[in-house]
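Residue-level structure breakdown
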Number of protein chains: 2
Amino acid sequence: MKKVLFFTSLFTMFGSSLAFSMSETPKSKVLEIPQETANGIAFPVNYQGWDTVAVSYREDNQTLRAIIGNPQAIKAIENGLTNPWPNGAVLGKLVWKARQDTHWKAAKVPDKFIHAEFMFKDSERWADTKGWGWARWVGLDQVPFGKDAESAHSTCISCHTPVAGQDWVFTQPAVMPKRIP
Amino acid sequence: MKKVLFFTSLFTMFGSSLAFSMSETPKSKVLEIPQETANGIAFPVNYQGWDTVAVSYREDNQTLRAIIGNPQAIKAIENGLTNPWPNGAVLGKLVWKARQDTHWKAAKVPDKFIHAEFMFKDSERWADTKGWGWARWVGLDQVPFGKDAESAHSTCISCHTPVAGQDWVFTQPAVMPKRIP
């Protein structure tokens, strides 16, 4: 019993000291920013903090998607100004392979993370690519998609051609109750 | 031509003055906070700003869901401390009827907004209801669900019984790339 207590105390001491050093130096945790894409788009740090724009489920490839927007995109939605979207708006799509839920068999829920993909609106910078910078980072390591600038754009654009009439964006923002500031 | 210019100028003047007065008094826009539920839970103002926890699609009732979390819930997920969830964590579910997307026939996307429902973790306050305060606000007007305190809780709890072993929460947080602070 004494031996058990001794090890417990050591563990507690180590645990406390670790917690202390972590709260003292939160910046010491090294997280590298993923590389920019071949078409020169910088990784949008902390996109996980962006707000919900919509969700979707694709039956053809069994994937679930959270569609999120940066603050400029959310403001555009609230003002009803999304065709065209204003410069500065960024839309993101987080994509997971779907699986059957363990406890609710008729529900599809996220399994493996596939990629995060983004559209950056800037009608001047991206005049040659429909007014948007197109970018995707693949997997949990967020590896840039596209071997060169041309393919990084063209793969996205060809798929989005059916929605050329709604500023190249598939997503219709989901209707939600008004925000209360 | 002069007449057109005159009206344009009037419109511009009015537009500017409106924009000015709006930016001067943003608080003048009255948005009422929805009523608390019959079991005494206050409406979580600005939940639309919470981060994504997961998404789901229910084939049995054709609904799409965005699962979101308040900052305490997100911190618990990042620390892997979700069974049990810590006091203060709140999980939300925004639910829409699903419809076929207009331009991608094999995709389900949000149609009518059905309700926003929440679980508020407080193991002391809600000791009699599995450690959670259960709440739902229905429709775009966010009308509290449940005619009395008992029904406001029991309807939720009976449905969540299959997940008693995971602190009464269906959602397994979706795996996502690490945040870069």
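Residues numbered from 1 in each chain as written. Chains lettered and ligands numbered in written order. Predicted model: local features only at pLDDT ≥ 70, side-chain atom pairs only at ≥ 80, totals over all residues.

Overview of the overall build of chain A
The helix and strand inventory of chain A stands at three helices and six strands. Ordering the α and β elements of chain A from the N terminus gives α-β-β-α-β-β-β-β-α. Of all 181 residues assigned to chain A, the portion counted as buried reaches 38%. Counting contacts in chain A only where the partners sit at least 6 residues apart, residues at least 24 apart contribute 51% of the total. (Helix = DSSP H or I, 4+ residues; strand = E, 2+ residues; numbered from the N terminus. Buried ≥ 20, exposed ≤ 12 C-beta atoms within 10 Å, placed from the backbone. Contact = placed C-beta atoms within 7 Å.)

Focus on the relation of the copies chain B and chain A
Of the transformation placing chain B onto chain A, the axial shift is 0.0 Å and the rotation is 180°, giving an RMSD of 0.0 Å. Such a turn and shift between the copies fits a two-fold axis. Most of the interface of chain B is mirrored in chain A, where 100% of its interface residues are also at the interface. (Least-squares fit on C-alpha atoms with pLDDT ≥ 70 in both.)

A closer look at the confidence of the model for chain A
Low-confidence regions, as indicated by low pLDDT, have predicted coordinates that should not be scrutinised in detail. Residues and elements named next belong to chain A. For chain A, per-residue confidence averages 87 on the pLDDT scale, and 83% of positions sit at 70 or higher. Residue range residues 1–26 is modelled with pLDDT below 50. Its contacts to residues more than four positions away, or to other chains, number zero contacts. The ipTM value of the predicted complex is 0.83, and its pTM value is 0.84. (pLDDT = per-residue confidence, 0-100.)

Some details on the pairing of strand 4 (residues 107–121) of chain A
By the bridge criterion, 10 bridges tie strand 3 (residues 90–100) of chain A to strand 4 of chain A in an arrangement that is antiparallel. Note that in strand 4 of chain A the partner of Gln 100 of chain A across the bridge is Lys 108 of chain A. Pairing of strand 4 of chain A with strand 1 (residues 51–58) of chain B, which is carried by two bridges, proceeds in the antiparallel orientation. Considered in strand 1 of chain B, the bridge of Lys 108 of chain A is made with Tyr 57 of chain B. Where strand 4 of chain A and strand 5 (residues 132–138) of chain A come together, seven bridges link them in antiparallel fashion. Across the sheet, residue Phe 118 of chain A finds its bridge partner in strand 5 of chain A, namely Ala 135 of chain A. (Pairing = 2+ DSSP bridges.)

What to know about helix 2 (residues 71–78) of chain A
All names here are of chain A. Considered for burial, the residues of helix 2 that qualify are Ala 73, Ile 74, Ala 76 and Ile 77. Along helix 2, the residues classed as buried sweep out an arc of 160° about the axis, all on the same side. Buried residues along helix 2 sit in contact with strand 1 (51–58), strand 2 (63–69) and strand 3. Immediately beyond the C-terminal end of helix 2, within one or two residues, lies Gly 80, with a positive phi of roughly 70°. (Arc of directions from axis to C-beta.)

Remarks on the interface of chain B and chain A
The extent of an interface is frequently quoted as the accessible surface area lost upon association of the parts. Residue-level contacts link 43 residues of chain B with 43 residues of chain A. For the side of chain B that touches chain A, the leading source of residues is strand 1 of chain B, giving seven residues. Among the residues forming the side of chain B that touches chain A, the class breakdown is 27 nonpolar, eight polar and eight charged. (Nonpolar A, V, L, I, M, F, W, Y, C, P; charged D, E, K, R; others polar.)

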